[in-house]
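Observations on the three-dimensional arrangement
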Amino acid sequence: MKKLIKPSLLVFVCLVWAACSNTKYLKPGQKLYTGAEVVINPDSSAKIDNQKDVKSDLESKARPRPNKSIFGLRPKLYIYNLAGEPKKPKGFKHWLRTKVGEPPVLLTEVKLKTNDAIMTSFLISQGYLQNVVTGDTVTKEKTGKAVYTVNTGIRYKIKSVTFPKDTGNLTRVINEKQANSVLKVGNYYDLDAFKNERIRIDNDLKERGYFYFSPDYLILQVDSTIGKNLVDITVKVKDIAPDAGLKPYTIKNINIYPSYSLRRDSVLRKLTPTEFHDFKIYDNRNTFKPKIFDRLVFFKKDELYNRTDHNQSLNRMVNINAFQDVRAEFLPLDSFKNDQLDLNIYLTPLKKNSLTFGVTGTSKSNNFVGSEVKVTQTTRNLFRGAEQLDVSVSGGFETQVSGQQTQNLNSYSFTAEGKLTFPQFIVPFYKPTSTNAFIPKTITSLSYQLLSRGSLYKLNSFKAEFGYNWKENKYKEHTFNPISVNYVQPNLPADSNRRRRLFDSIPGLRYTLEKQFIIGSNYSFTYTNQMEENRRNNVYFNGSLETGGNLWGAFVPKDNAGERSIFNVPLTQFVRLETDLRDFYKITRNVTWANRLNLGYGYAYGNSSSLPFVRQFFAGGSNDIRAFPARALGPGTYKVDPNQSFADQGGDIKAMLNTELRFKLVSILYGAVFVDAGNIWLRKEDLGTPATATDAAIPGRPGSGFKLSRALSEMAVGTGAGLRVDATIFVIRLDVAFPIRKPYLPEGDRWVLDKVAFGSSTWRSDNLVYNIGIGYPF
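Small disclaimer: the values here were computed from a predicted structure and weren't measured.

1. What to know about empty space enclosed by the protein
Scanning all chains against the criterion turns up two cavities of 30 Å³ or more. Reported here for the second largest cavity is a volume of approximately 40 Å³. In this structure, the second largest cavity is lined by Phe299, His310, Ser313, Leu314, Met317, Ala328, Phe330, Leu343 and Ile345. For the lining of the second largest cavity, the secondary structure elements donating two or more residues are helix H10 (307-319), strand E10 (323-332) and strand E11 (340-349). Per-element accounting of the lining of the second largest cavity gives the leading share, four residues, to H10.

What follows is the structure, given as structure tokens:
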């Protein structure tokens, strides 16, 4: 017990000393400001609605902000004091004090009356029209805080909303849409709702041609004198609104300049245009086929202007990835005297050809990390329809740094890929149309990859795909490849004895390193709202379905061995499903709780007893269950021989859960603590095969089969901590993890951390696994 008390007492004393040491640098009479506290309705037992949120909002508006603190400590202030007064305006001490450190925020800097007025104004905007805020200071030795006593009064509600009388087309549009008003009778008075109502009305008018209307032309008059804490609201159009904003406009001419530049401006305007449908195209170079603009520009001649067509046209012209600059200019005819607009579209194309070279860190799904050199040649507007051809060559090496000697295995890869993208749906015998803001794409690709696992084996993979990618809206994206062909040719050691030893030492490897011919289809759906950074909770979801050999298996006859083959290679037949759900909850501005649930299931049939090697699920590694070496966990309770130099273990079923607390330390340095849990399984137990006249026996993998009743007890669990350098454009990550539950141990001995804690086991350094990654794990 004494051993436990002494370190705890020492830590406590250190924390108290660190907290107090900052105040000793204060001059006589100075007091360190520790923050603001808001007390709401202290004389009333009744709480207001959302009192906790209102209190937090009011405290956040108090100025100045106190020195930044972590668990009650102020490390930046401590660094400021520790650095001392530098003798020169440069050097390490000056940098430490001015860039890393933070000067003390003093109680004398607090302006109580200013904060009283700011809080009063905020409460009025929330409907507390009769609130009273009184600020005061409370001191204690060398520190002080501000305490604001708030008497909110009763929150006002809306009694009635009156819209303008129907005096013309504009007021008629406003009245037609009043059912969509955000101002509802019985709702609380809310200034943000008033602002949103003006924006809503402006949007409605923009959809009906009122190009020059503005939300500032509306006024919402509030009468709070009617009693009973109620208000009447009257929506009016200001008398000073200009005539141009009060009438709808139609589109007269649509002029398109596909090869625009400032240098060629005067020349282009003098050209005789090519007329195509409703467009006049000024381009003597014939850079783009005219029909492409039918898919990019939604406006039609003589139709009313509307904001939807405006936004969708701009989005399409930007997202087609053919122009470096896009501008749409609406000009009134005869200086606002009539109600027509000319639309001029200026498009500056990207360069026809470009070459990009990159040296990047990689962190892939196969759980190896390393570096990659990639060169890509891009040719744009290949057939004058904004097509794009990307030809790339890349090479790299990958490894994982781990305390386990079994994982000291390097691999290298070489990849060549050609990808042709068409900015439209190409479907035989059918012309589908897309009317949203996002460009649909038809993508064809052909690739070759060589993957070498040291001296053990090599894999040659040839892949061809044809499919479609489209966005339903900014949240939802679909990818569908109806044709996907993948041929995998292993290159095994030439020495038959060495090859046999490799297969004998690694159960299941003989099946996975056979020739594989995968012909099938795949579909994936992605939903995310992560682009909305103001949301407190963001979600990402990806679900995918892949089939192999289904259609072909119905037509390809069986050979003498009872297998369906193409070019003497057994046809792989399977169905594979995977889901990836992630949730990111912002606890505070600098603290995020991230969670991921990853589930996968594969069903092989026909020629196949398990998923092909390139489609299997794996566990362990820098983006997975970080306390276990890459691909060395599972399946089930099976344990890889720790003495073998290669430990790839795949499965047909996967379940994984990650939870991670991410927090900012200082500047671009972030920290994290995490817990990972999961495993993989085979759909059927691997019993191995007996020896034959030509082949040695293949050992089985006991405990590798999936049983729902025991799946939870067979989950591996690991925990750890990490540091991340997040420079926005790149993230470098170092995680250190250790296992606390090993599924391959006997059932009563799988929790290993408690055994170390209570002295029944010893901690070994090879329990630590170091993961180096580029980017966040999820």
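2. Concerning the sheet that holds strand E1 (residues 32-40)
The three strands are arranged E1-E3-E2 in an open sheet whose pairing can be described as mixed. The sheet is open, and its two edges are formed by E1 and strand E2 (132-140), each paired on a single side. In this sheet, neighbouring strand axes are inclined to one another by 20° on average, regardless of whether the strands run parallel or antiparallel. With nine bridges joining them, E2 and strand E3 (residues 143-151) adopt antiparallel strand pairing. Paired with threonine 137 across the strands is alanine 146, a residue of E3.

3. Some remarks on the side chain of threonine 442
Mapped onto the secondary structure, threonine 442 falls in strand E16 (residues 441-453). By relative accessible area, threonine 442 is classed as buried at 0%. From its side chain, threonine 442 meets the backbone oxygen of glutamine 424 in a polar contact 2.5 Å long. Looking at threonine 442, its side chain comes within polar contact range of the main-chain nitrogen of isoleucine 426, at 2.9 Å.

4. What to know about the environment of threonine 415
For threonine 415, the location among the structural elements is in strand E15 (residues 411-422). Classification of threonine 415 by relative accessible area gives buried; the value is 17%. Along the sequence, threonine 415 and serine 392 sit 23 residues apart, while their C-alpha atoms lie 8.0 Å from each other. Setting aside residues up to four positions removed in sequence, threonine 415 forms contacts with Ser392, Val393, Ser394, Tyr448 and Gln449. Within the structure, threonine 415 has its side chain in polar contact with the side chain of glutamine 449 (distance 3.3 Å).

5. Things to note about unusual backbone geometry
Cis geometry is adopted by the peptide bond preceding proline 64, which originates at arginine 63 and carries an omega value of 0°. Within the element layout of this structure, proline 64 appears in the loop between helix H2 (51-61) and helix H3 (75-83). In this model, glycine 634 is joined to proline 635 through a cis peptide bond whose omega is 0°. Here proline 635 is to be found in the loop between strand E24 (591-604) and strand E25 (653-666). You will see that asparagine 286, though not glycine, has its phi angle at about 50°, which is positive. Judged by relative accessible area, asparagine 286 falls into the partly exposed class, the value being 42%.

6. Describing the packing of aromatic side chains
A full pass over the atoms with the stated rule returns 28 aromatic pairs. An angle of 90° between the planes, with centres 5.5 Å apart, marks the rings of phenylalanine 213 and tyrosine 217 as edge-to-face. The class of phenylalanine 213 is buried, set by a relative accessible area of 3%. Between tyrosine 260 and tyrosine 346 the ring centres are 4.7 Å apart and the planes differ by 50°, which places this aromatic pair in the tilted class. Of this pair, tyrosine 260 sits in the loop between strand E7 (250-257) and helix H8 (265-269) while tyrosine 346 sits in strand E11; the two residues are 86 residues apart in sequence, bridging distant segments of the chain. Owing to a relative accessible area of 7%, tyrosine 260 belongs among the buried residues under this scheme. Note on tyrosine 346: relative accessible area 1%, which makes it buried. One aromatic cluster is present, formed by Phe211, Tyr212, Tyr249, Phe299, Tyr305 and Phe330 through successive ring pairs. One residue, arginine 155, lies across the ring of tyrosine 188, its end atom 4.2 Å from the ring centre. Sitting over the ring of phenylalanine 674, arginine 626 keeps its end group 3.8 Å from the ring centre.

7. Observations concerning the sheet that holds strand E5 (residues 218-223)
Two modes of strand pairing occur in sheets, parallel and antiparallel, and in both the strands are linked by backbone hydrogen bonds. Taken together, three strands build an open sheet; the order of strands is E4-E6-E5 and the sheet is mixed. Taken across any chain shown, the strands that pair with only one partner, and hence form the sheet edges, are strand E4 (157-162) and E5. On average, each strand axis in the sheet is tilted by 25° relative to the strand beside it, whichever way the strands run. The pairing of E4 with strand E6 (residues 230-237) spans five bridges and is parallel. Its bridge partner lying in E6, serine 160 is registered against aspartate 232.

About the cut-offs
- Residues numbered from 1 in each chain as written.
- Predicted model: local features only at pLDDT ≥ 70, side-chain atom pairs only at ≥ 80, totals over all residues.
- Heavy atoms only, no water.
- 1 Å grid on protein atoms, 1.4 Å probe; cavity = no way out; pocket = protein on both sides within 12 Å on 5 of 7 lines; lining within 4 Å.
- Points joined across faces, edges and corners; volume = space filled by probe spheres on them.
- Helix = DSSP H or I, 4+ residues; strand = E, 2+ residues; numbered from the N terminus.
- Pairing = 2+ DSSP bridges.
- Axes fitted to C-alpha atoms, helices over the stretch in contact; angles between N-to-C directions.
- Buried < 20%, exposed > 50% of the residue type's maximum accessible area, 1.4 Å probe, protein only.
- Polar contact = N/O pair within 3.5 Å; in protein donor to acceptor, adjacent residues only side chain to side chain.
- Contact = heavy atoms within 4.5 Å.
- Phe/Tyr/Trp six-rings, centres within 6.5 Å; stacked < 30°, edge-to-face > 60°.
- Lys NZ or Arg CZ within 6 Å of the ring centre and 35° of its normal.

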